[in-house]
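# Understanding the architecture of this molecule
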Amino acid sequence: MAQENQELDRAVSGEYALGFEIDIEEDKVPPGLNEEVIRFISKKKEEPDWMTELRLKAYHRWLQMEEPHWGHLEYEPIDYQSISYFAAPKKGPESLDEVDPKILEAYEKLGIPLEEQKQLAGVKVAVDAVVDSVSVKTTYQEELLEKGIIFCSISEAIRDYPELVKKYMFSVVPMNDNYFAALNSAVFTDGTFVYIPKGVRCPMELSTYFRINALNTGQFERTLIIADEGSYVSYNEGCSAPMRDENQLHAAVVELIAMKDAEIKYSTIQNWYPGDEEGKGGIYNFVTKRGLCEGENSKISWTQVETGSAITWKYPSCVLKGDNSVGEFYSVAVTTLAQQADTGTKMIHLGKNTSSTIISKGISAMKGQNTYRGLVKIGANAEGARNYSECDSLLIGSECGAHTFPYLESKDAMGQVEHEATTTKISDEQLFYLRQRGINEEDAVSMIVHGFCKEVFSQLPMEYAVEAKALLNLTLEGSVG
Amino acid sequence: MSQTVMNIKNLHAKIGTKEILKGLNLELEEGKVHAIMGPNGAGKSTLSKAITGHYDIEVTDGEIDYKGQNIVDWEPEDRALEGIFLSFQNPVEIPGVNNAYFLRTAVNAKRKYEGKEELNAAEFLREMKKLVEELGMKPEMISRSLNEGFSGGEKKRNEILQMMMLEPDLIILDEIDSGLDIDALRAVSEGINKMKDGKRSFLVITHYSRILDYIEPDYIHVLKDGKIIKTAGPELVAELEEKGYGAIEEA
Ligand SMILES: Nc1ncnc2c1ncn2[C@@H]1O[C@H](COP(=O)(O)OP(=O)(O)O)[C@@H](O)[C@H]1O
Ligand SMILES: [Mg+2]
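This structure is a prediction, so every number in the text was calculated from the model and none was measured.

Summarising the metal site, the magnesium ion (ligand 2) is bound by the protein donors Ser 45 of chain B (OG) and Gln 89 of chain B (OE1), whose distances to it range over 2.1 to 2.3 Å. Of the two residues, Ser 45 of chain B sits in helix 1 (residues 44-52) while Gln 89 of chain B sits in the loop between strand 6 (84-87) and helix 3 (99-113), which places them 44 residues apart along the sequence.

Put into structure tokens, the structure is as follows:
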């Protein structure tokens, strides 16, 4: 049995295939955080004064806050003064021809086509690529603008659409929402801004790839997506980072707002560098993601496939304010090597007949620790609110762990809440069954794991589902000896 | 006498610390149907697992010669690719794994091993649909998750479907008739009988004689307490029916 486990371990420990480093000259501030650094960032971004002031306000709030430690996570204290808060590639490209070929090459290794002509499986994908803190190139921008859709970097939005930004930024995730959100509010460097006007269905998948490249650089993106009445948008975020032996901090904030009858589908494939078998290196990923279903019949759906990072602390949430609004959370979180993930969701039911669905699939292998933490809160006026939660854990091997913490707060006796949780091990019987049919061990493991994740993968846009599956294989498979 | 496809010599096998097979000898002839009968707990399923390389089984002594090679140390998938197929007594459920996708992967793994071109999805589905119909399975079985929520009969038909698609050389059927109603039994045995081609060999494991009315065996072996204690022709079935296993003494 013990030997069998070792074989499983070997079968599941993939090399981190995206661990290459882009070699471009960086323009970055020395490590440390103070007012001066914040003013520097704001100036670099050519921001108006009001933004600089908001950043400083957030910074002072942050100084008074404490790092939270309630997660089921263990890590060395983060030294915020040793982090560099701004890095930008020195060249400021205007068109694709000017983009540093090395960056393009790196994207090619990541499998992202940056050229506008390149269509991914016949579907147009607009890519806003972010290397470190600056948006390198936003594709499809013009075509979208014709429909009134704004898809640009958050820095551009601050300069070009100040009214929208002033109205909605911090409206879903207040600057002092939590320690990491406050830090992000003070130092965020880039991110994506999307506005879909009334009645418009965004004609293509919008997509951003984030990539942490510079050594010792924290990456703090801020994303804001607003879907006006009756509009629809599907947005995909993908991330990867090169291999390092020092841990890097990533603290992003994502705010979504869906008006009456609007729908936002937000998909994430997260593949930050996970660190090595001892947990050395790897990204610390502390992310605040929240969506507000502001109007009636609005819908926000989070789908995430989390395979990377040394530490993941992330709870994409929905505030269901509008009557009949719908929140969904579909998640696959994989922890292998010495990765730790504490992730889940919050569904806050405020409006009448609001409903939410939570499907969480945790996969732990080797020494990975996987925690699901979910809160379903039903407010006093949320008559007829309904929630369905399903949290399944799959263990591969015997040194890993899975933990489930579902919380329910209900002020409405009428609310209907269902929760199911299972923990299973990849069973020898399943593995043997497939191998008896001539399928090799590696393929058999991935077949079982994909089957386990099916409900979540089926929520992803087709091309991303294919990518997610490939990524799972990469994460969980090594060479079977 | 025809060719030997498998020759098991003095096989000793343990599960955990417990010895289950205690010096078992068994010779299987090419193109023939061998039935293994024996009481519950005799070690019949253990034998099928030892032949196919299940992790639970530790072979401590003896040999399993298959097509002239001792396969005791082979990986399970290598034994399968060389043509050994086991229809499981209790097929395991694998949630979320599409039945057709699974079976195509298996069929193509075998085709690749044999140097044949892989079947594309359309070619494969055509073949699978035909057999699903023949076996009286519901068409939805093609796209359901592998064995998940299948009734006992559906699981067994699905095993036979796999057997027919994979075209193995040595087929082990472990209690294929358990949990089958008469219609299912007929469909399943028709499928099995169709596979008889004078080359292919069968090892039919059962503790009831009922299935042997449908799949006519050439030889009957009685397994008791980890050993084959008697080998005879089909006439032995009637004797066993009448007197029970208790009356059979080691020859
Ligand atoms: N996984 C196992 N762990 C321990 N003992 C087992 C296991 N499987 C089978 N056995 C034991 O091995 C013996 C033979 O079982 P089995 O081969 O299933 O018998 P049969 O198929 O003839 O009914 C029985 O005593 C059974 O309890
Ligand atoms: Mg048995």
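Paired through their backbone hydrogen bonds, the strands of a sheet run either parallel or antiparallel. Residue and element names in this part refer to chain B. Taken in spatial order, the 4 strands of this open sheet run 2-1-4-5, and their pairing is antiparallel. The two strands at the open ends of the sheet, each matched to only one other strand, are strand 2 (18-29) and strand 5 (69-70). Bridge count for strand 1 (residues 4-15) against strand 2 is 9 bridges, and the pairing is antiparallel. Within the sheet, the bridge partner assigned to Asn 7 lies in strand 2 and is Glu 27.

Residue and element names in this part refer to chain A. Those residues of helix 2 (residues 35-44) lying buried are Val 37, Ile 38, Ile 41 and Ser 42. An end-on view of helix 2 places all buried positions within 135° of arc, on one side of the element. Exposed side of helix 2, more than 90 degrees from the buried face: Glu 36 and Lys 43 are the residues found there. If you follow the buried residues of helix 2, they end up packed against helix 3 (49-63) and helix 8 (179-187). At the N-terminal end of helix 2, a side-chain oxygen is found 3.0 Å from the backbone nitrogen of Glu 36, two or three residues along, and the residue is Asn 34.

This brings us to the pattern of salt bridges. Pairing between side chains becomes possible if they bear opposite charge and their charged atoms approach one another. All names here are of chain A. For the structure on display, the rule yields 30 salt bridges over all chains. Note that Arg 373 and Asp 342 form a salt bridge whose closest N and O atoms lie 2.6 Å from each other. One end of the pair, Arg 373, is in strand 20 (residues 369-378); the other, Asp 342, is in strand 18 (residues 340-349), and 31 residues separate them in sequence. Residue Arg 373 shares its accessibility class with Asp 342, and that shared class is buried. Lys 377 is the partner of Glu 409 in a salt bridge, and the nearest nitrogen-oxygen pair spans 3.7 Å. With Glu 409 in strand 22 (residues 401-410) and Lys 377 in strand 20, this pair connects stretches of sequence that are 32 residues apart. Under the relative-accessibility criterion, Glu 409 is labelled partly exposed at 39%. One network of salt bridges, with partners in common, ties together Lys 361, Glu 390, Asp 392 and Glu 455.

Next up on the list: the sheet that holds strand 9 (residues 219-224) of chain B. Residues and elements named next belong to chain B. A sheet is described by the order of its strands in space; here 6 strands give the open sequence 6-7-8-3-9-10, paired in mixed fashion. If you trace the sheet from one side to the other, it starts and ends with strand 6 and strand 10 (227-232), each paired once. Ignoring which end each strand starts from, the neighbouring axes of this sheet average 20° apart. Here strand 7 (residues 170-174) pairs with strand 8 (residues 201-206) via 5 bridges, running parallel. Bridged to Leu 170 within strand 8 is Ser 201.

Glancing now at the confidence of the model for chain B. All names here are of chain B. Model confidence for chain B is summarised by a mean pLDDT of 92, while 98% of its residues fall at 70 or above. Mean pLDDT values over the elements of chain B span from 86, in helix 7 (residues 236-243), up to 98, in strand 6. As a predicted assembly, this complex carries a pTM of 0.78 together with an ipTM value of 0.96.

Looking now at the interface of chain A and chain B. Each partner contributes to the interface: chain A provides 21 residues, whereas chain B provides 33 residues. Counting the surface lost from both chain A and chain B, the interface buries some 2,300 Å², and carbon and sulfur atoms represent 63% of this. For the chain A face of the interface with chain B, the top three residues by lost area are Phe 432, Tyr 433 and Arg 437 of chain A, together amounting to 33%. Our count for the contact surface shared by chain A and chain B stands at 3 salt bridges. Across the pair Arg 435 of chain A and Glu 75 of chain B runs a salt bridge whose closest N-O atoms are separated by 2.5 Å.

The subject of this paragraph is empty space enclosed by the protein. Residue and element names in this part refer to chain A. A full pass over the atoms with the stated rule returns 4 cavities of 30 Å³ or more. Estimates place the volume of the largest cavity at around 80 Å³. Lining the largest cavity we find 14 residues, and of these Ser 360, Gly 362, Asn 370, Tyr 372 and Ser 393 sit closest to its centre. Breaking the lining of the largest cavity down by element, the ones donating at least two residues are strand 19 (355-365), strand 20, strand 21 (386-396) and strand 22. Among the residues forming the lining of the largest cavity, the class breakdown is 4 nonpolar, 8 polar and 2 charged.

Attention shifts here to the packing of aromatic side chains. Residues and elements named next belong to chain A. Applying the stated criterion across every chain yields a total of 17 aromatic pairs over all chains. On the numbers, 5.6 Å between centres and 70° between planes, the contact of Tyr 80 with Tyr 179 is edge-to-face. On the criterion of sequence distance, the pair formed by Tyr 80 in the loop between helix 3 and strand 2 (87-89) and Tyr 179 in helix 8 is long-range, its members being 99 residues apart. No difference in accessibility class separates Tyr 80 from Tyr 179, as the two residues are buried. Plain terms: the ring middles of Tyr 179 and Phe 180 are 5.5 Å apart, the flat faces sit at 90° to each other, and that makes the pair edge-to-face. Here Tyr 179 and Phe 180 have matching classes, each one buried. By the ring-pair criterion, three or more aromatic residues cluster together here, those being Tyr 59, Trp 62, Tyr 80, Tyr 179, Phe 180, Tyr 284, Phe 286, Trp 313 and Tyr 315. Arg 222 extends its terminal NZ or CZ atom over the ring of Phe 188, reaching a point 5.9 Å from the ring centre. Stacked on the ring of Tyr 433, the Lys or Arg Arg 437 has its end atom at 4.8 Å from the ring centre.

Below, the discussion takes up the site of ligand 1. Residues and elements named next belong to chain B. By nearness alone, every residue bordering ligand 1 is listed as Ile 15, Lys 18, Ile 20, Pro 39, Asn 40, Gly 41, Ala 42, Gly 43, Lys 44, Ser 45, Thr 46 and Asp 56. In this structure, Thr 46 approaches ligand 1 through a side-chain N or O atom, which is 2.5 Å from an oxygen atom. Starting from 560 Å² of accessible surface for ligand 1 in isolation, the protein chains cover 64%. Those elements giving two or more residues to the shell around ligand 1 turn out to be strand 2 and helix 1. Of the residues contributing to the shell around ligand 1, the split by class is 4 nonpolar, 5 polar and 3 charged.

Basis of the calculations
Residues numbered from 1 in each chain as written. Chains lettered and ligands numbered in written order. Predicted model: local features only at pLDDT ≥ 70, side-chain atom pairs only at ≥ 80, totals over all residues. Heavy atoms only, no water. Donors = N, O, S within 2.8 Å, 3.2 Å for Na, K, Ca; no water. Helix = DSSP H or I, 4+ residues; strand = E, 2+ residues; numbered from the N terminus. Pairing = 2+ DSSP bridges. Buried < 20%, exposed > 50% of the residue type's maximum accessible area, 1.4 Å probe, protein only. Arc of directions from axis to C-beta. Contact = heavy atoms within 4.5 Å. Polar contact = N/O pair within 3.5 Å; in protein donor to acceptor, adjacent residues only side chain to side chain. Salt bridge = Lys/Arg side-chain N within 4 Å of Asp/Glu carboxyl O. Axes fitted to C-alpha atoms, helices over the stretch in contact; angles between N-to-C directions. pLDDT = per-residue confidence, 0-100. Buried area = accessible area lost by both parts, 1.4 Å probe. 1 Å grid on protein atoms, 1.4 Å probe; cavity = no way out; pocket = protein on both sides within 12 Å on 5 of 7 lines; lining within 4 Å. Points joined across faces, edges and corners; volume = space filled by probe spheres on them. Nonpolar A, V, L, I, M, F, W, Y, C, P; charged D, E, K, R; others polar. Phe/Tyr/Trp six-rings, centres within 6.5 Å; stacked < 30°, edge-to-face > 60°. Lys NZ or Arg CZ within 6 Å of the ring centre and 35° of its normal. Near = heavy atom within 4 Å. Areas by Shrake-Rupley, 256 points an atom, 1.4 Å probe, with all protein chains shown as cover.

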